[in-house]
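# Examining the three-dimensional arrangement
Chain residues, written in single-letter form:
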Amino acid sequence: MKKILAVLFIAAMAVLTLPSCDGGGDTALKWKNNASSVDDIQWMSEGSADQTWSGTTDSGETTDSKTVSKTTGSGEALLDGSPAVLNVGNGPGGSVTLSDGSDNTLTISDVSKK
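Residues numbered from 1 in each chain as written. Predicted model: local features only at pLDDT ≥ 70, side-chain atom pairs only at ≥ 80, totals over all residues. Heavy atoms only, no water.

## Focus on the pairing of strand E5 (residues 72-79)
So the rule is basically this: Each residue's exposure class comes from its accessible area (1.4 Å probe, protein chains only) as a fraction of the maximum for that residue type: buried when under 20%, exposed when over 50%, partly exposed otherwise. Only runs of H or I of at least four residues qualify as helices and only runs of E of at least two qualify as strands under DSSP, and these elements are numbered from the N terminus. By this definition, two strands are paired if DSSP reports at least two bridges between them.
Across the 8 residues of E5, 6 count as buried, placing the element largely inside the fold. With 4 bridges joining them, strand E2 (residues 38-45) and E5 adopt antiparallel strand pairing. Its bridge partner being in E5, Asp39 is matched across the sheet by Leu78. Taken together, the 4 bridges between E5 and strand E6 (residues 82-87) define a ladder with antiparallel strand orientation. Looking at E6, one finds that Leu78 is bridged to Pro83.

## A short note on the nonpolar core
Note the following rule: In plain words, nonpolar cores are sets of buried Ala, Val, Leu, Ile, Met, Phe, Trp, Tyr and Cys residues tied together by side-chain atoms within 4.5 Å.
One finds Trp31 and Trp43 to be the most contacted residues of the largest nonpolar core, which totals 18 residues. Looking at which element gives the most residues to this core, the answer is E2, with 3 residues.

The structure is reproduced here in structure tokens:
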């Protein structure tokens, strides 16, 4: 009986010390620009900006990675001072779902003014 209790105790301790398998960690996003130069890229979700990359991102450049809280959204930016939507292979303004808890890179293939 003591051996069974000891084994159960050890098993319970092992379960409590294991890391969770919920995907954990932050969801990060960066942008690779294969289109026109844009300013102030935003990750938009549910009608508001979840994260902003300030400044100009020229064609051929990649932004720094930033943590986002929403995994589903779309990209917007300024093109020649006018609001624009980013096409990342989802059609202009189409929604994208990021991999939760990992680093994501979205490639901008086209930019369309709103």
